[in-house]
Amino acid sequence: MKKSCVLVCGGAGYIGSHTTVELINAGYDVVIADNFSNSDMGAVEGVRKITGVDIPFVEVDCCDLEAFRKVFEQYEFDSVIHFAASKAVGESVEKPMLYYRNNLLSLMNMIDLMREFGRHNIVFSSSCTVYGEPDKQPVTEQTPRKPATSPYGNTKQMSEDILRDAVAATEGLKGIALRYFNPIGAHPSALIGELPRGVPQNLVPYITQTAAGIRECLSVFGDDYPTPDGSCIRDYIDVVDLAKAHVAAIGRMVENRNDENYEIFNVGTGRGVSVLELVNRFREVNGVELPCKIAPRREGDIIAIWADPTRANTVLGWKAGRTLDETLAAAWAWEKHVRGIE
Ligand code: UFG
């Protein structure tokens, strides 16, 4: 039997494309919506190829309420996953209004339309950035949020609050916010993965592009932090595992297993890995050269953060499954696929 239909906004993006694959694998119908602001049709084609399903696609900007309404008129989905947001921390400092407009307006339009059309379940992409620099590791969902250090981080906090308040005020509306830790890797088919435009801001795309010879040398931002090897520590979550957390969240709401109408889950492995450890694992697993130098600290970086994923493990029934080595091998396979490297 076919499960219900899910609208995936931002479905051509990095996490959205992987989530679409896992939704289809789990038996859901999917409609993909994207405005290609940071993606292209290649990801949709990759998803269609992996799944063998001709998934419907609509080009739409979720900030354009009238255009977005047509998607609700046309398709009978009961659940939505909202990936359609801007995500570059540095850019958000330069262009705060762009971030507030894109990230908040698209969510508010989504909620308004869900209310108007009586659609029930929403999964929202939040981030561990809401915890700021935590006083204690690992962080649980109860760890207090710290004031945001960028407009991007602020939009994640504000969006969580908007969703919480809208759910509280709307009969039949349920929401789950997933606080992602650091998503990395790619689909094992190497048909979809992360494809940043311009110079990568995030660690793993910079690593893979350096290994591919596109960037000269990786800069490790800081080796004098109060951590065992002096570099920053993160919880790197495989993007396919992360995608499966969305399927679990949708299932929980569709099957009415949720305890509260608004819930939050950390989505991480529970393991902290330093930048230098990650760099060395990448070299070892893939057997490639990776020129690397120590550079000054990057402004605004958190020293260390990793998840306590117990709540997602026990309540959501989701657990990270892939090893860091598998994930780093997949990231490199994807980069090689994109660059046509043998
Ligand atoms: N790093 C380097 N060299 C690089 C890039 C990154 O050493 O070239 C280090 C950073 O200093 C940091 C770690 O690698 O210690 C991870 O950095 P990322 O930029 O990959 O990710 P962040 O932990 O900074 O995460 C940020 C936000 C998230 C957001 C994510 C994706 O905090 O909320 O970027 O945009 F989701």
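Numbers given for residues are sequential positions, taken from 1 along each chain in its written order. Only residues with pLDDT of at least 70 get local features here, since the model is predicted, and only at 80 or more are side-chain atom pairs given and counted; chain-wide, interface and lining totals rely on the full set of residues. In computing side-chain properties, one takes all heavy atoms of the structure into account and sets aside hydrogens as well as water.

1. Focus on the site of the ligand
Alright, step 1. S127, S219, R234, R298 and D301 are the nearest of the 20 residues found near the ligand.
Alright, step 2. In this structure, an oxygen atom belonging to the ligand sits 3.4 Å away from a main-chain N or O atom of Q201.
Alright, step 3. Polar contact criterion, stated in full: a pair of N or O atoms within 3.5 Å, where within protein one must be able to donate a hydrogen and the other to accept it, and residues adjacent in sequence count only if both atoms are side-chain atoms. Interatomic distance of 2.9 Å between a backbone N/O atom of F221 and an oxygen atom of the ligand.
Alright, step 4. Here the accessible surface of atoms and residues is derived via Shrake-Rupley with a 1.4 Å probe, and residues count as covered only by protein chains that are part of the display. Starting from 690 Å² of accessible surface for the ligand in isolation, the protein chains cover 89%.
Alright, step 5. Elements supplying a minimum of two residues to the shell around the ligand: α7 (203-211) and β8 (218-221).
Alright, step 6. For the shell around the ligand, the leading source of residues is β8, giving four residues.
Alright, step 7. Three classes are used: nonpolar for Ala, Val, Leu, Ile, Met, Phe, Trp, Tyr, Cys and Pro, charged for Asp, Glu, Lys and Arg, and polar for all others, with Gly counted as polar. For the shell around the ligand, the per-class residue count stands at ten nonpolar, six polar and four charged. Note on definitions. A residue lies near a molecule or strand when any single heavy atom of the residue is within 4 Å of it. Secondary structure elements are taken from DSSP: a helix is a run of H or I of four residues or more, a strand is a run of E of two residues or more, and numbering for both begins at the N terminus.

2. What to know about helix α2 (residues 41-51)
Alright, step 1. All of the buried residues in α2 are A43, V44, G46, V47 and T51. Projected onto a plane normal to the axis of α2, the buried residues spread over an arc of 160 degrees and lie on a single side.
Alright, step 2. The contact definition used throughout considers only heavy atoms, calling two residues in contact when any of these lie within 4.5 Å. Contact partners of the buried residues in α2: α1 (14-25), β2 (29-34) and β3 (57-59).
Alright, step 3. For α2, the capping residue at the N-terminal end is D40, with a side-chain oxygen 2.9 Å from the backbone nitrogen of G42.
Alright, step 4. One or two steps after α2, the chain reaches G52, where phi turns positive at roughly 70 degrees. When accessible area is computed with a 1.4 Å probe and restricted to protein chains, residues below 20% of their type maximum are described as buried, those above 50% as exposed, and intermediate ones as partly exposed. When we speak of the arc, we mean the arc of directions from the helix axis to the C-beta atoms.

3. Thoughts on the pairing of strand β1 (residues 5-9)
Alright, step 1. Of all the five residues making up β1, five are buried; the element is thus mostly covered by neighbouring parts of the structure.
Alright, step 2. The alternating pattern of β1 places C5, L7 and C9 and V6 and V8 on opposite faces, both of which are buried.
Alright, step 3. Two strands pair under a simple rule: DSSP has to find at least two bridges between them. Relative to β2, β1 runs parallel, the two being bridged by five bridges. Following the sheet pairing, V8 is matched in β2 by I32.

4. Looking at empty space enclosed by the protein
Alright, step 1. Throughout, the protein atoms alone are placed on a 1 Å grid, and a set of points is a cavity if a 1.4 Å probe fits but cannot get out or a pocket if it is open with protein on both sides within 12 Å along at least five of seven lines; lining residues have an atom within 4 Å of a point. Grid points are joined across faces, edges and corners, and a volume is the space filled by probe spheres set on the points. In this structure the tally under the stated criterion is two cavities of 30 Å³ or more.
Alright, step 2. By volume, the largest cavity amounts to about 70 Å³.
Alright, step 3. In this structure, the largest cavity is lined by Y14, G185, E194, V204, P205, T208, A331, W334 and E335.
Alright, step 4. Looking at the lining of the largest cavity, the elements that each hand over two or more residues are α7 and α11 (324-339).
Alright, step 5. Residues that form the lining of the largest cavity fall into these classes: five nonpolar, two polar and two charged.

5. Topic: the environment of N258
Alright, step 1. Note that N258 resides in the loop between α8 (239-254) and β11 (262-267).
Alright, step 2. Linking N258 and T143, residues 115 residues apart in sequence, is a C-alpha distance of 21 Å.
Alright, step 3. Once you skip the residues sitting within four places of it in the chain, N258 turns out to touch K174, R252, M253 and E263.
Alright, step 4. Of the polar contacts made by the side chain of N258, one reaches the side chain of K174; its length is 3.3 Å.
Alright, step 5. Among the polar contacts made by the side chain of N258, one reaches the main-chain carbonyl oxygen of E260 at a distance of 3.0 Å.

6. Topic: the layout of surface pockets
Alright, step 1. There is about 180 Å³ of room inside the second largest pocket.
Alright, step 2. Around the second largest pocket, the lining comprises 15 residues; the ones closest to its centre are Y236, T269, R271, R322 and L324.
Alright, step 3. Per-element accounting of the lining of the second largest pocket gives the leading share, three residues, to strand β10 (residues 236-238).
Alright, step 4. Here the lining of the second largest pocket is built from residues that sort into six nonpolar, four polar and five charged.

7. Some thoughts on the pattern of salt bridges
Alright, step 1. Here, a salt bridge means any side-chain nitrogen of Lys or Arg that lies within 4 Å of a carboxyl oxygen of Asp or Glu. In total, this model carries 21 salt bridges according to the counting rule given.
Alright, step 2. Across the pair R298 and D301 runs a salt bridge whose closest N-O atoms are separated by 3.0 Å.
Alright, step 3. Judged by its relative accessible area of 36%, R298 falls in the partly exposed class.
Alright, step 4. Taken together, the salt bridges that share partners define one network made up of R145, E160, D161, R164, D165 and R179.

8. Re the packing of α7 against α11
Any two packed helices are characterised by the angle at which their axes cross and by the distance between the axes.
Alright, step 1. An axis is simply a line fitted to the C-alpha atoms; with a helix, the fit covers only the stretch in contact. Between two such axes, the angle follows the N-to-C directions and lies from 0 to 180 degrees. The contact between α7 and α11 brings their axes to 10 Å, and the two run at 55 degrees. The orientation of α7 relative to α11 falls into the category oblique. Of the two elements, α7 crosses α11, and the hand of that crossing is right-handed. From α7, V204, P205, T208, Q209 and A211 reach across to α11, where they touch A331, W332, E335 and R339. Angle categories are assigned with fixed cut-offs, so that under 35 degrees is roughly parallel, over 145 is roughly antiparallel, 65 to 115 is roughly perpendicular, and the rest are oblique. In a left-handed crossing the near helix is turned counterclockwise from the far helix by less than a right angle, and in a right-handed crossing that turn is clockwise.

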